[in-house]
Amino acid sequence: MDRNVCIIAGGMSKWGVRDGSQRDFFQEAAKACYEDNPQLNPKDIDGLLVASAYTERTSYQTHLAPLVAEYVGIRPKNICARVELLCASGSSAIILAFALIKSGQADIVMVAGGEKLYTPQKWEVFYSELASVDHDWDGTQGLGLPPPVFAMVAKQHMKQFGTKKEHLGTISVKNRRNSAKNPKAQFQTPVTMEEVMSGRMIVEPLTLYDCCPITDGAAAVILAAEEKAKDLTDKPLVYLRGTGQASVNNMSANMPDWTTWEALKIAAAQAYKKSKVEPKDIDVAMTHDCFTISEIIEMEDLGFCEKGEGGPFVGDGGNDLGGKIPTNTDGGLLGCGHPFGGTGIRQAIEVMKQLRGDAVQQVPNATIGLTHNLSGFIAAHTVLVYGREVA
Amino acid sequence: MTTPGISILQGKYMVTMDLFPQESKEFNQMYPFFDYLKEGRFTTTRCKDCGAEPFPPRLLCPECYATNMEWIDWPTTGTVIDVTEEVVGVPLGFGKPPLIHALIDLQGKRTFFVRIINCQQGELKSGDTVKLAVFDIDPVPQEQGREVVEMPRVFYAFEPAK
Ligand SMILES: [Zn+2]
């Protein structure tokens, strides 16, 4: 059995510095997801995958999936488990749900992801981030929080390719302008290039608006086998066409190249091949803008522009609305925030809306969309391709 | 000082919140790395079968899958490729800002992104030489029979070679 798989519903809680607990946000996300598709009876969901990275740290809770199932009112009978790949936990869970449905192991799977990251005293979440990299060898060098890593990436990219601080600024301005139109996003106000360029120094050359924030929140989507999906939604069907996920190193000392992300190129090649598309076929993309420099390198390594030309490409509006590849139309990580397990799912929701034609900032006639996550010390990359038609 | 709400943990050392790895042989088979570090040596494991020198040190050769590893010395000085200085957001345990890191070329073995200590902001430049710096870290109280013994520990960063 090899079935086609559709994404038939999606919703998220309000993201930001939130009042509430992890379990509160999962309920809010499920409610928004159910409201997105009233034709679906949640009792028919036969699988649940939960994506959360810091649940043991900042919520002191393992065995999270049955807890979420209980709280959101579903009784999975084919799969009920958690998936963790830090910042790519959500998209990893979508890949697994896709495989389960494609193979006939499950018919209708909810993928829910989120985090309560803010603790009553903030030092605790920063301290816990030392577990995000190789704790013993990189965390001990003070590299848990990512700004120094991406500052080094930016410095090397600037040195090798002449990328400018203004190019980084273009990404902040674009994604904050987009998030200001997304009521669920953490940041509801746009920023100007002047504000961005005079932002508070974090790690040179990265200033405040180059860095995504720490965020509470959750998101959920529902995937279904095509034959079920046809009965469960009147909206245009959106298919998951193909995926790729690659890791070539974990510890920083084994990183093959700081400015060309080898694992991203491998994951993208896999996703394009399985989806039977090329970079030029992609109409809209959600890429992992944890830092402004990340989105620039992603444009290059996903094949949307030539290597080294990411700076001028974004500077000329190449990845803005109306450009060659509109990117992070919902605000991305820089605008929406980044509750680790939720991010890949937020990206899926925005691509689903773009392909259905009901996005807030709609890309005209979008038929193929892409999502990308990076995770850890730029150690793993995840690429998914969605389309209005099957591959 | 009392800790409201979790008074039962008063005086307890929480290894699950430890910044540094466990270095005793009971909790880490790579303990020789830390013993050598105490002698000022920076080491890793070499595969006797295929000659690979993986870092971090390990039991299993990632190239030929042998478990026939030996300890070897690596250089303790490297050349700075580039420097970053974190002025905001330095995590607990890493002192006052700036937290300085450098990407260093360890004489062709690897490029390491490491913490630089004993260094002023603006001091370190590309092309400079840095050397291994070993320092004491908090010991871990560990049960040995009915006793609790403090296990001493060290860790490393690099510092400007003056
Ligand atoms: Zn070997």
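Residues numbered from 1 in each chain as written. Chains lettered and ligands numbered in written order. Predicted model: local features only at pLDDT ≥ 70, side-chain atom pairs only at ≥ 80, totals over all residues. Heavy atoms only, no water.

1. Remarks on the coordination of the zinc ion
All names here are of chain B.
Reasoning step 1: The coordination sphere of the zinc ion contains the protein donors Cys47 (SG), Cys50 (SG), Cys61 (SG) and Cys64 (SG), at a distance range of 2.3 to 2.4 Å.
Reasoning step 2: One can describe the site at the zinc ion as tetrahedral: its four donor atoms subtend angles covering 103 to 115° at the metal.
Reasoning step 3: Relative accessible area serves as the criterion here: at 40%, Cys50 is assigned to the partly exposed category. (Donors = N, O, S within 2.8 Å, 3.2 Å for Na, K, Ca; no water. Tetrahedral: all angles 85-135°; square planar, octahedral: opposite > 155°, others 65-115°. Buried < 20%, exposed > 50% of the residue type's maximum accessible area, 1.4 Å probe, protein only.)

2. A look at helix 6 (residues 147-161) of chain A
Residues and elements named next belong to chain A.
Reasoning step 1: Taking 1.5 Å as the rise per residue, helix 6 with 15 residues should run 21 Å; its terminal C-alpha atoms sit 21 Å apart, in good agreement.
Reasoning step 2: Burial of helix 6 is extensive: 11 of the 15 residues sit out of reach of the surface.
Reasoning step 3: Turning to helix 6, its buried residues number three or more, namely Pro147, Pro148, Val149, Phe150, Ala151, Met152, Val153, Ala154, Lys155, Gln156 and His157.
Reasoning step 4: Just downstream of helix 6, Gly162 is the residue with a positive phi angle, here 75°. (Helix = DSSP H or I, 4+ residues; strand = E, 2+ residues; numbered from the N terminus. Expected span 1.5 Å × (residues − 1).)

3. Section: the confidence of the model for chain A
Reasoning step 1: With 100% of its residues at a pLDDT of 70 or more, chain A has an overall mean of 97.
Reasoning step 2: Taking the mean pLDDT of every element in chain A, the minimum, 90, falls on helix 5 (residues 123-128) of chain A and the maximum, 99, on strand 9 (residues 284-286) of chain A. (pLDDT = per-residue confidence, 0-100.)

4. With respect to the interface of chain A and chain B
Reasoning step 1: Of the residues lining the interface, 34 residues belong to chain A; the matching set on chain B comes to 36 residues.
Reasoning step 2: The largest contributions to the chain A side of the interface with chain B come from Tyr127, Trp137 and Gln141 of chain A, which together make up 24% of the buried area.
Reasoning step 3: Linking chain A to chain B there are two salt bridges.
Reasoning step 4: Of the charged contacts, one joins Asp82 of chain B and Lys155 of chain A as a salt bridge, the two residues approaching to 3.7 Å between their closest N and O atoms.
Reasoning step 5: Scanning the region where chain A abuts chain B turns up 15 residue pairs in polar contact (both at pLDDT 80 or more).
Reasoning step 6: Of all the secondary structure elements, the ones that give two or more residues to the side of chain A that touches chain B are helix 5, helix 6 and strand 5 (201-203) of chain A.
Reasoning step 7: For the side of chain A that touches chain B, the element with the highest residue contribution is helix 6 of chain A, accounting for eight residues. (Contact = heavy atoms within 4.5 Å. Buried area = accessible area lost by both parts, 1.4 Å probe. Salt bridge = Lys/Arg side-chain N within 4 Å of Asp/Glu carboxyl O. Polar contact = N/O pair within 3.5 Å; in protein donor to acceptor, adjacent residues only side chain to side chain.)

5. Overview of the packing of aromatic side chains
Residue and element names in this part refer to chain B.
Reasoning step 1: Applying the stated criterion across every chain yields a total of 25 aromatic pairs over all chains.
Reasoning step 2: Here the aromatic rings of Phe42 and Phe112 are separated by 5.8 Å at their centres, their planes lie at 80°, and the arrangement is edge-to-face. In this pair, Phe42 is assigned in strand 1 (residues 42-47) and Phe112 in strand 5 (residues 111-116), connecting sequence segments 70 residues apart. Accessibility assignment for this pair places Phe42 and Phe112 in one class, buried.
Reasoning step 3: With a centroid separation of 5.2 Å and an interplanar angle of 70°, the aromatic rings of Phe42 and Tyr156 are classed as edge-to-face. Here Phe42, found in strand 1, pairs with Tyr156, found in strand 7 (residues 147-160); they are 114 residues apart in sequence, far enough to count as distant. (Phe/Tyr/Trp six-rings, centres within 6.5 Å; stacked < 30°, edge-to-face > 60°.)

6. Concerning the state of the cysteines
Reasoning step 1: Counted under the stated rule, the structure contains zero disulfides over all chains.
Reasoning step 2: Not part of a disulfide, Cys336 of chain A finds its nearest cysteine sulfur in Cys212 of chain A, a span of 11 Å. (Disulfide = S-S within 2.5 Å.)

7. Brief notes about helix 3 (residues 64-72) of chain A
Residue and element names in this part refer to chain A.
Reasoning step 1: For helix 3, the full list of buried residues reads Leu64, Ala65, Leu67, Val68, Ala69 and Val72.
Reasoning step 2: Contact partners of the buried residues in helix 3: helix 1 (22-36), strand 2 (47-51), helix 2 (55-58), strand 3 (79-83) and strand 4 (108-115).
Reasoning step 3: A positive backbone phi angle near 75° is found at Gly73, which sits one or two residues after helix 3.

8. Focus on the side chain of Asp134 of chain A
Reasoning step 1: Inspection of the secondary structure puts Asp134 of chain A in the loop between helix 5 and helix 6.
Reasoning step 2: Of the polar contacts made by the side chain of Asp134 of chain A, one reaches the backbone nitrogen of Trp137 of chain A; its length is 3.2 Å.
Reasoning step 3: Here Asp134 of chain A is in contact with Gly139, Asn250 and Met251 of chain A together with Pro56 of chain B, once residues within four sequence places are set aside.

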